[in-house]
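# What the coordinates show
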Amino acid sequence: MNIAVYPGSFDPVTLGHIDIIERSCKVFDKVIVAVMFNKNKKPMFDVGERMALLVDATKHLENVVIDSHEGLLIDYLIERDIKVLVKGLRAISDFEAEFQMASVNRKLCSDIETVFIMTRTEYMYLSSSIVKEVASFNGDISDFVTEEVKMAVESKLGGKHERD
Ligand code: ADP
């Protein structure tokens, strides 16, 4: 079986992430979406909530598994004997960090290959942080996330209040 891991914070999952997952599912037999977490970071959603939103957002896909991992990503791959990582690439600014990560991962484990999937142009500006920022100023995030995620973000922010 051709298995790939798609790692990220997914705090929360956006339509940009879902697009990468859908496209990865056409290339690999199974895609494991790994929610990476770090106890020292303060995300908007805890790991369980992030996983639940991902399960909902990918329920139309048969070959996706949602999992989580704390610590070094390559340990997750080595433990499961998985050799492929999927990453989404947005702008040139993503390239530098991703190039560094892919090189380090390959140095740590020479068997692992990182496969990059280019964003769709309509999602190239989209990130979880921009979604949270727009929502925090009462902006409409309907074009960026699923309805479920929109409601979850708004409820974290204490409910959407009326604009002046
Ligand atoms: P972010 O907070 O920037 O959305 P994540 O850690 O959740 O970051 O992202 C996980 C992976 O998804 C990374 O490989 C990232 O480059 C990719 N990704 C995030 N948003 C998009 C997008 N809009 N289009 C393509 N890839 C994306």
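Anything mentioned here points back to the structure above.
Now for a description of the structure that goes with this document. (Residues numbered from 1 in each chain as written. Predicted model: local features only at pLDDT ≥ 70, side-chain atom pairs only at ≥ 80, totals over all residues. Heavy atoms only, no water.)

A count of helices and strands for the protein gives six helices and five strands. The helix and strand sequence of the protein, counted from the amino end, reads β-α-β-α-β-α-β-α-β-α-α. Relative to the compact-globule value of 15 Å for 164 residues, the protein shows a C-alpha radius of gyration of 16 Å, a close match. With respect to the principal axes defined by its C-alpha atoms, the protein has extents near 55 × 35 × 30 Å. Entry remark: accessible area of the protein is about 9500 Å², with carbon and sulfur atoms responsible for 53%. When the 20 basic and 27 acidic side-chain charges of the protein are each reduced to a single mean position, those positions are 3 Å apart. (Helix = DSSP H or I, 4+ residues; strand = E, 2+ residues; numbered from the N terminus. Rg over C-alpha atoms; globule rule 2.2 N^0.38 Å. Areas by Shrake-Rupley, 256 points an atom, 1.4 Å probe, with all protein chains shown as cover. Lys, Arg positive; Asp, Glu negative; His and termini not counted. Charge placed at Lys NZ, Arg CZ, Asp CG, Glu CD.)

Attention now moves to the nonpolar core. Most often, soluble globular proteins keep nonpolar side chains buried together rather than apart. Among the nonpolar cores identified, the biggest contains 32 residues, and Tyr-6, Ile-21, Val-33 and Leu-54 are the most heavily contacted of them. If you list the elements that add at least two residues to this core, you get strand S1 (3-8), helix H1 (15-27), strand S2 (30-37), helix H2 (47-57), strand S3 (64-70), strand S4 (84-89), helix H5 (128-136) and helix H6 (147-156). No other element matches H1, which puts four residues into this core. Membership of the second largest hydrophobic core comes to 12 residues, among which are Met-36, Leu-73, Ile-82 and Leu-85. (Core = buried A, V, L, I, M, F, W, Y, C linked by side-chain atoms within 4.5 Å. Buried < 20%, exposed > 50% of the residue type's maximum accessible area, 1.4 Å probe, protein only.)

This paragraph deals with the site of the ligand. Contacts to the ligand come from 18 residues, most closely from Tyr-6, Phe-10, Gly-88, Thr-119 and Tyr-123. Here Ser-9 contributes a backbone N or O atom positioned 3.1 Å from an oxygen atom of the ligand. Here an oxygen atom of the ligand sits 3.0 Å away from a polar atom, N or O, in the main chain of Phe-10. For the ligand, whose free accessible area comes to 540 Å², the fraction covered by protein is 88%. (Near = heavy atom within 4 Å. Polar contact = N/O pair within 3.5 Å; in protein donor to acceptor, adjacent residues only side chain to side chain.)

The next thing to look at is the environment of Tyr-6. Along the polypeptide, Tyr-6 turns up in strand S1. Take Tyr-6: its relative accessible area is 4%, and that puts it in the buried class. In this structure the C-alpha to C-alpha distance between Tyr-6 and Val-31, which are 25 residues apart in sequence, comes to 6.9 Å. Setting aside residues no more than four positions away along its own chain, Tyr-6 makes contact with His-17, Ile-20, Ile-21, Val-31, Ile-32, Val-33, Ala-34, Val-86, Lys-87 and Gly-88. (Contact = heavy atoms within 4.5 Å.)

Let us now look at the pattern of salt bridges. Tallying each qualifying case throughout the model produces 13 salt bridges. For Arg-120, the salt bridge identified is with Asp-19, shortest N-O distance 2.7 Å. Placement of Arg-120 in the loop between strand S5 (113-118) and H5 and of Asp-19 in helix H1 is noted, with a sequence separation of 101 residues between them. On the basis of relative accessibility, which here comes to 36%, the residue Arg-120 falls in the partly exposed class. Residue classification places Asp-19 among the buried residues on the basis of a relative accessible area of 5%. (Salt bridge = Lys/Arg side-chain N within 4 Å of Asp/Glu carboxyl O.)

With parallel pairing, five strands are arranged side by side in an open sheet as S3-S2-S1-S4-S5. Looking at which strands have only one partner, the edges of the open sheet turn out to be S3 and S5. Each strand of the sheet is rotated relative to its neighbour by a mean of 35 degrees, with strand direction disregarded. By the bridge criterion, six bridges tie S1 to S2 in an arrangement that is parallel. Bridge pairing in S2 places Gly-8 opposite Val-35. Against the sheet, helix H3 (residues 73-80) makes contact with S1, S2, S3 and S4, and its axis sits at roughly 125 degrees relative to S3, the strand it touches most. The sheet strands contacting helix H4 (residues 92-108) are S4 and S5, and the helix crosses S4 at an angle near 170 degrees. (Pairing = 2+ DSSP bridges. Axes fitted to C-alpha atoms, helices over the stretch in contact; angles between N-to-C directions.)

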